[in-house]
Amino acid sequence: MKQPIFTGSSGLNTLVDPARLQADPAAVPLSRAYNVDHDATGRVSRRKGCSTTDITSAVHSLWCDGNECFFVTGTSLCRLSPDFSYDVMATVQGARTSYLQLDNRVYWVNGYEKGIIENGANRTWPDSSYSPYDTTITYSPVPTGTMLGYHGARILIVDGSTIWYTGRHHPYGVDKEHGYFLMENAVIMCRPVAEGVWVSDSTGVYFLQGRTMPSLKPFQRSSVPAISGTDAVTDLSVLRGFEVSGLGVLWLSKEGVCAGTADGTMLNLTDGKLAELPVSERGAGVVIGQRLSLIHI
């Protein structure tokens, strides 16, 4: 007669001595997990392997927002097709690239260059100042930042410690006198949600509360900063054991996996389960289905 060792798992727990882990057959904690998937029901299964494609060069900045998919390889910004063929959209510096899909356009920046991909072609953002007919504000060209976001009908552009934002429904310029929010140090995470913007710099994680950019008020949620690049937006209702819902942000810090809700609440999802992680300068995060994949470098 076969006796099952366990029928489900509660996930990783590296804080407790393996000999002291509670042996609940329906929710066995794991002291180690290598190349396995753990789903919302507690099922543990072997992780799927990889498929060979024609892309053999190193790539980074892979991004898709439900429509087109882009990545960077060498000095080329490329659009990836479903059959894994690709087209070069622009020649670039090869730096980490941030994207924003808005009104059938994909805006991108990499700290050195910026562009707009529309109808299968890349073009530059307008480089001239202008004043809309219904206002006295003069909009200057959008700075070449490192991160993009969208909040309150405005595009956000992170440039060092400054979060610039375009005019409302005017995506091609910024008001250099009033159109910015200044942090103490260089911004390493900027993720808008319904009630504000989750931001991290080297001093910690902040929630900039407000539905419009001019009304933002900062509230520090943690003194531990996010690891740059590990943040991802997802529906938080998939989190098991937490009564949260709506689009929020997941990120990795040295304290574990953290979540920021749409209304500004911060949760440590691995509190009491994972030992303090090694300090990393940067990483990557992506949500596929109900799984969050995090890499820290």
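That block above? That's the structure.
Report on the accompanying structure. These numbers were taken from a predicted model, which means no experiment stands behind them.

## Overview of unusual backbone geometry
Residues other than glycine seldom take positive phi values, yet Asp 103 does so here, at roughly 50°. Relative to the assigned elements, Asp 103 resides in the loop between strand 9 (98–102) and strand 10 (105–109). The phi angle at Ala 153 is positive, at roughly 65°, despite the residue not being glycine.

## What about the layout of surface pockets?
Reported here for the second largest pocket is a volume of approximately 150 Å³. If you trace the second largest pocket, you find it lined by Ile 137, Tyr 139, Arg 154, Tyr 165, Thr 166, Gly 167, Arg 168, His 170, Asp 175, His 178, Gly 179 and Pro 214. By residue number, the principal contributor to the lining of the second largest pocket is strand 15 (residues 162–167), which donates three residues. Here the residues of the lining of the second largest pocket are counted per class, giving four nonpolar, five polar and three charged.

## Regarding the environment of Trp 164
By the element assignment, Trp 164 lies in strand 15. Since its relative accessible area comes to 14%, Trp 164 is described here as buried. A C-alpha to C-alpha distance of 8.9 Å links Trp 164 and Gly 145, two positions 19 residues apart in sequence. Those residues in contact with Trp 164, other than ones at most four positions away along the chain, are Pro 143, Ile 155, Leu 156, Ile 157, Asp 159, Val 174, Asp 175, Lys 176, Gly 179 and Tyr 180.

## Some points on the packing of aromatic side chains
Counted by the stated rule, this structure contains eight aromatic pairs. Taking 5.0 Å as the distance between ring centres and 20° as the angle between the ring planes, the aromatic pair formed by Trp 63 and Tyr 99 counts as stacked. With a gap of 36 residues between them, Trp 63 in strand 5 (residues 60–64) and Tyr 99 in strand 9 connect regions that are remote in the sequence. For the pair shown, Trp 63 and Tyr 99 are each scored as buried. Centre to centre, the rings of Phe 71 and Tyr 86 are 5.4 Å apart; their planes meet at 70°, and the pair counts as edge-to-face.

## Considerations on the sheet that holds strand 12 (residues 121–123)
Backbone hydrogen bonds hold the strands of a sheet together, and the pairing may be parallel or antiparallel. Read from one edge to the other, the open sheet built from four strands follows the order 9-10-11-12, with strand pairing classed as antiparallel. With one partner strand each, in any of the chains shown, strand 9 and strand 12 form the two edges of the open sheet. When the angles between neighbouring strand axes are averaged without regard to direction, this sheet yields 25°. Inspection of the sheet shows strand 10 paired to strand 11 (residues 114–118) by four bridges, in the antiparallel sense. Looking across to strand 11, one finds that Val 109 is bridged to Lys 114.

About the thresholds
Residues numbered from 1 in each chain as written. Predicted model: local features only at pLDDT ≥ 70, side-chain atom pairs only at ≥ 80, totals over all residues. Heavy atoms only, no water. Helix = DSSP H or I, 4+ residues; strand = E, 2+ residues; numbered from the N terminus. 1 Å grid on protein atoms, 1.4 Å probe; cavity = no way out; pocket = protein on both sides within 12 Å on 5 of 7 lines; lining within 4 Å. Points joined across faces, edges and corners; volume = space filled by probe spheres on them. Nonpolar A, V, L, I, M, F, W, Y, C, P; charged D, E, K, R; others polar. Buried < 20%, exposed > 50% of the residue type's maximum accessible area, 1.4 Å probe, protein only. Contact = heavy atoms within 4.5 Å. Phe/Tyr/Trp six-rings, centres within 6.5 Å; stacked < 30°, edge-to-face > 60°. Pairing = 2+ DSSP bridges. Axes fitted to C-alpha atoms, helices over the stretch in contact; angles between N-to-C directions.

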